[in-house]
Amino acid sequence: MALTDQVDNYCERVGPEFWSEPLNAVTNAAFLMAAVAAFVFWRRKTPGDLPALVLIAIVCATGIGSFLFHTFATRWAGLADVIPIALFIHVYLFVALTRFLGLPWWAALGIVAVFFAATPLAGRAVAPLVGSSAGYVPALMAIFITGALFVRRDRELGTQVLLTGAIFALSLALRTLDGPLCDQIAFGTHFLWHILNGVVLFLLLRVLIWQRAG
């Protein structure tokens, strides 16, 4: 299979044209808005926090990559979509384990490595229930587990992480329903995944910055 091969993964797409997924394409602005808002917050609170800045840049790349995928709809654009998402998940998990839970870097790195290796296995296990959204279920569980442990150290920020997990769960449900509801909703529900995920990413970054700001 060539990287230039066309793919059709979403309800809204009805042809190979660039603007065949207008809602899915333009709602990637939610990621860019999240990155800008987080950057402004970062500059005010923790301008020397390099890991947070790196994560903000990854969110920006996520919006660009997802836009490319929902317009060009090719395999290479699919890689531009999923690679920044995977980077954000794993980098954020590492930073959260060290900052929120106070783990040494080597322990956090080990947990991230196990998470990386286990994600495909966990995804296959839940795939019959959530289809193509299965790969995101481990990230959802990581948010809830980290948040639950973080509550013991910081009730307010830990609760914010758990609430963010609840929003992500709703977002994941809407992504999963895109195909099953296609006959009822011609433009699908995937665009709502983009909008809610923009909120999720901003909230996760805000907690990270607040925690560093003390």
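Just above, that's the structure.
These notes cover the structure that comes with them. Every residue gets a number counted from 1 within its own chain, in the order that chain's sequence is written. Confidence filtering applies because this is a predicted model: local features only for residues at pLDDT of at least 70, side-chain atom pairs given and counted only at 80 or more, and all residues used for totals across whole chains, interfaces and linings. With hydrogens and water set aside, each side-chain value is computed from the structure's full complement of heavy atoms.

**Quick look at the overall build of the protein chain**
No. 1: Numbering goes from the N terminus for both helices and strands, where a helix is a DSSP run of H or I of at least four residues and a strand is a run of E of at least two. Across its full length, the protein chain carries eight helices and zero strands.
No. 2: Note on method: radius of gyration uses C-alpha positions; expected globular size equals 2.2 Å times residues raised to 0.38. In terms of overall size, the protein chain behaves like a compact globule, its C-alpha atoms giving a radius of gyration of 17 Å where 214 residues would be expected to give roughly 17 Å.
No. 3: The principal-axis extents of the C-alpha atoms in the protein chain amount to approximately 50 × 40 × 35 Å.
No. 4: Only protein chains enter the accessibility calculation, which uses a 1.4 Å probe; a residue whose area is less than 20% of its type maximum is buried, one above 50% is exposed, and one in between is partly exposed. Counting every position in the protein chain, which comprises 214 residues, the buried fraction comes to 45%.
No. 5: In the structure as shown, the protein chain presents an accessible area of about 10,700 Å², 73% of it carried by carbon and sulfur atoms. We get accessible surface area from the Shrake-Rupley algorithm with a probe of 1.4 Å; when it comes to residues, only the shown protein chains can shield them.

**Here we look at the nonpolar core**
No. 1: Counting 42 residues, the largest nonpolar core has Phe88, Tyr92, Phe100 and Phe168 as its most contacted members.
No. 2: When residues of this core are assigned to their parent elements, the largest contribution, eight residues, is made by helix 8 (residues 190-213).
No. 3: Any two residues whose heavy atoms approach within 4.5 Å at even a single point are treated as in contact. In this structure phenylalanine 100 touches Tyr92, Val95, Thr146, Phe150, Arg153, Val161, Val207, Leu208 and Gln211, once residues within four positions along its chain are discounted. What we call a nonpolar core is a set of buried Ala, Val, Leu, Ile, Met, Phe, Trp, Tyr and Cys residues that are connected through their side-chain atoms within 4.5 Å.

**Here we look at the environment of tryptophan 19**
No. 1: Within the fold, tryptophan 19 resides in the segment before helix 1 (22-26).
No. 2: Along the sequence, tryptophan 19 and serine 171 sit 152 residues apart, while their C-alpha atoms lie 23 Å from each other.

**Examining the packing of aromatic side chains**
No. 1: By convention, a stacked pair of Phe, Tyr or Trp rings (six-membered ring in the case of Trp) has centres within 6.5 Å and planes under 30 degrees apart, an edge-to-face pair has planes over 60 apart, and any other such pair is tilted. Counted under the stated rule, the structure contains 14 aromatic pairs.
No. 2: Ring geometry for phenylalanine 72 and tryptophan 76: centres 5.3 Å apart, planes at 50 degrees, overall tilted.
No. 3: Judged by its relative accessible area of 35%, phenylalanine 72 falls in the partly exposed class.
No. 4: With a centroid separation of 4.9 Å and 65 degrees between ring planes, the pair formed by tyrosine 136 and tryptophan 193 is classed as edge-to-face. With tyrosine 136 in the loop between helix 5 (105-130) and helix 6 (137-151) and tryptophan 193 in helix 8, this residue pair connects regions lying 57 residues apart in the sequence.
No. 5: A relative accessible area of 13% means that tyrosine 136 is categorised as buried.
No. 6: One aromatic cluster is present, built from ring pairs that chain together Phe18, Trp19, Phe67, Phe72 and Trp76.

**Focus on the pattern of salt bridges**
No. 1: What counts as a salt bridge is simple: a side-chain nitrogen of Lys or Arg found within 4 Å of a carboxyl oxygen of Asp or Glu. Inspection of the entire model under this criterion finds two salt bridges.
No. 2: Between arginine 13 and glutamate 21 there is a salt bridge, with the nearest N and O atoms lying 2.6 Å from each other.
No. 3: According to the relative accessible area criterion, glutamate 21 is buried, its value standing at 2%.
No. 4: Across the pair aspartate 49 and arginine 99 runs a salt bridge whose closest N-O atoms are separated by 2.5 Å.

**Here's the deal with helix 3 (residues 50-72)**
No. 1: Helix span, as expected, comes to 1.5 Å for every residue beyond the first. Between its first and last C-alpha atoms helix 3 spans 33 Å; for 23 residues at 1.5 Å apiece the expected length is 33 Å, and the two agree.
No. 2: Buried within helix 3 are the following residues: Ala52, Leu55, Ile56, Ile58, Val59, Thr62, Gly63, Gly65, Ser66, Phe69, His70 and Thr71.
No. 3: Those residues of helix 3 hidden inside the fold are in contact with helix 1, helix 2 (29-45), helix 4 (75-99) and helix 8.
No. 4: Trailing helix 3 by a residue or two, alanine 73 shows a phi angle of about 55 degrees, which is positive.

**Topic: the environment of glutamate 17**
No. 1: Relative to the helices and strands, glutamate 17 is located in the segment before helix 1.
No. 2: Distance in space between the C-alpha atoms of glutamate 17 and threonine 71 is 7.6 Å, their sequence separation being 54 residues.

**Some remarks on a nonpolar patch on the surface**
No. 1: Each patch is built from salt-bridge-free residues with over 30% relative accessible area, joining like charges within 9 Å and nonpolar side chains (Val, Leu, Ile, Met, Phe, Trp, Tyr) within 5 Å. A cluster of nonpolar side chains, namely Leu3, Phe18, Trp19, Leu23, Val26, Phe72, Trp76, Leu79, Val82, Ile83, Leu87 and Phe187, defines an oily patch on the protein surface of about 1,100 Å² accessible area.
No. 2: Of all the secondary-structure elements, those providing two or more residues to the nonpolar patch are helix 1 and helix 4.
No. 3: Top element by residues in the nonpolar patch is helix 4. It accounts for five residues.
No. 4: Residue classification places valine 26 among the partly exposed residues on the basis of a relative accessible area of 46%.

**Things to note about unusual backbone geometry**
No. 1: Even without a glycine there, the phi angle at alanine 73 is positive, about 55 degrees.
No. 2: Of note, alanine 73 is situated in the loop between helix 3 and helix 4.
No. 3: With a relative accessible area of 1%, alanine 73 lands in the buried category.

That is the geometry; function is a separate question.
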